[in-house]
Amino acid sequence: MDYRHLNVTRDGHVITCRMSNPPLQVLNSRMLAELHTLLTEVENDPTVRVFLVTGENGVFLRWMDLNEMQDHAEGRREETGGQSRAEELLEIARAIPSSMSSIHELALRIQNLPAVTVAAINGVVGGGGCEFSLSFDFRLMMDHPEGSFALPQTSFGLVPGGGGAWHCVRLLGRAKALDVLLHGEFLAPAKALELGLISRLYSPETFDEEVAAFVANMAARAPLALRGVKTLVNFGTNQGQRDFLALESVELGKVIQSEDVKNALGMWLANPDPAAYKPVFEGR
């Protein structure tokens, strides 16, 4: 299948997906729909042992498309390329095999894939892209001086909307999860590794080779054993996740159209400069 935002290749038992959405490399509705379509292909192919996803040009995924977020905040239904937002979302919804939100269902499908899933984080990852990466079995990150791992939603008056809070509690425990989520800091790769948010950290010079070796090691292992281990670990760690995600949607719904979010997103979109971004939140 031809994709607009995904470059998909196969080498033996490994499928590699390189996400591409220049110039900002953000996760938008179209890319979500394409990822769902690709996952259907992977789910239906028992010969796939490893599913590898990466980004391009030093960015895995910067964040969710903030223009789409602003549309939600403003309650807008704009025309996009001759197709209304409602028509576009309806088309996207047809590709999503669930009544759950697209990002939630995508996360659950990735977690439940029989194949081992690997996010090769080639630099910057943040926001919804960061939440997306947390759904993978492994996160292999480049130790780039400009790289960062961030869940900055509270800086925009938002709460995580893609399961990020669930994964932070699971990986970090309550106290550290609150620290990471409430401060919304851009963590250096080494700090993300120290906390346990990523699995491996590789130098920029050896990143591609290290990722390839890691993937080859997984692909060479007994596929039935890989699937069995994943089934056991998922059963032991994911109980109650759907209830959590439902509550997350409720909490996001409470803030998404608040004046705080509208003003914060509008300010950032007008001037995406962290030094100049100083929103004032009024609690309404």
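Preceding block: the structure.
Now for a quick tour of the structure. (Residues numbered from 1 in each chain as written. Predicted model: local features only at pLDDT ≥ 70, side-chain atom pairs only at ≥ 80, totals over all residues. Heavy atoms only, no water.)

1. Remarks on the overall build of the protein chain
Test applied: Strands are runs of DSSP state E lasting at least two residues, helices are runs of H or I lasting at least four, and both sets are numbered from the N terminus onward. Burial here depends on accessible area, computed with a 1.4 Å probe over protein chains only, as a share of the maximum for the residue type. Under 20% is buried, over 50% is exposed, and the range in between is partly exposed. Residue contacts are defined here by distance: any two heavy atoms, one from each residue, within 4.5 Å place the two residues in contact. Accessible areas in this description were obtained via Shrake-Rupley with a 1.4 Å probe; residue shielding takes into account the shown protein chains only.
Helix and strand counts for the protein chain stand at 12 helices and 12 strands. Sorting the 284 residues of the protein chain into buried and exposed places 49% on the buried side. Long-range pairs, those at least 24 residues apart, make up 74% of the contacts in the protein chain with a sequence separation of at least 6. Roughly 13,600 Å² of accessible area belongs to the protein chain as shown, and the carbon and sulfur atoms make up 55% of that amount.

2. Quick notes on the nonpolar core
If you look at soluble globular proteins, the nonpolar side chains tend to sit buried side by side. Here is the rule: Among the buried residues, those of types Ala, Val, Leu, Ile, Met, Phe, Trp, Tyr and Cys that are joined through side-chain atoms within 4.5 Å form a nonpolar core.
Within the largest apolar cluster, 43 residues are counted, with the highest numbers of intra-cluster contacts made by Met 19, Phe 51, Phe 60, Phe 132, Phe 149 and Leu 197. With 6 residues, the top contributor of residues to this core is helix α1 (residues 29-43). Setting aside its immediate chain neighbours within four residues, Leu 197 contacts Leu 134, Arg 139, Phe 149, Cys 168, Leu 171, Leu 172, Leu 187 and Ala 192. Val 50, Met 142, Phe 207 and Leu 226 belong to the second largest nonpolar core, which has 16 residues in total.

3. Considering the state of the cysteines
To keep things clear, this is the line we draw: The disulfide criterion used throughout: a pair of cysteine sulfur atoms within 2.5 Å.
Using the criterion set out here, one finds 0 disulfides in the structure. Cys 130 takes part in no disulfide bond, and the closest cysteine sulfur, belonging to Cys 168, lies 7.1 Å away.

4. Quick word on unusual backbone geometry
Going from Pro 22 to Pro 23, the amide bond is cis rather than trans, its omega being 5°. By the element assignment, Pro 23 lies in the loop between β2 (14-19) and α1. Of note, the phi angle at Asn 57 is positive, near 55°, even though the residue is not glycine. Mapped onto the secondary structure, Asn 57 falls in the loop between β3 (50-54) and β4 (59-61). Since its relative accessible area comes to 74%, Asn 57 is described here as exposed.

5. What about the packing of aromatic side chains?
Describing an aromatic ring pair means giving the distance of the ring centres and the angle of the ring planes. Stated formally: Ring pairs are drawn from Phe, Tyr and Trp, using the six-membered ring of Trp, whenever the two centres fall within 6.5 Å, and their geometry is named by plane angle: stacked under 30 degrees, edge-to-face over 60, tilted for the rest.
Across all of its chains, the model carries 3 aromatic pairs by this definition. Here the aromatic rings of Phe 138 and Phe 214 are separated by 4.9 Å at their centres, their planes lie at 75°, and the arrangement is edge-to-face. Remark: Phe 214 occurs in helix α9 (residues 207-219) and Phe 138 occurs in strand β9 (residues 138-142); sequence separation between them is 76 residues. On the basis of relative accessible area, Phe 214 is assigned to the buried category, the value being 11%.

6. Observations regarding the sheet that holds strand β7 (residues 116-121)
To keep it simple, the criterion reads: Two strands pair if DSSP finds at least two bridges between them. To get an axis, fit a line to the C-alpha atoms, keeping to the stretch in contact for a helix; angles then go from 0 to 180 degrees between the N-to-C directions.
Here 6 strands make up an open sheet; going across it, the order is β1-β2-β3-β7-β9-β12 and the pairing mixed. Taken across any chain shown, the strands that pair with only one partner, and hence form the sheet edges, are β1 (6-11) and β12 (200-202). In this sheet, neighbouring strand axes are inclined to one another by 20° on average, regardless of whether the strands run parallel or antiparallel. By the bridge criterion, 5 bridges tie β2 to β3 in an arrangement that is parallel. Bridged to Ile 15 within β3 is Phe 51.

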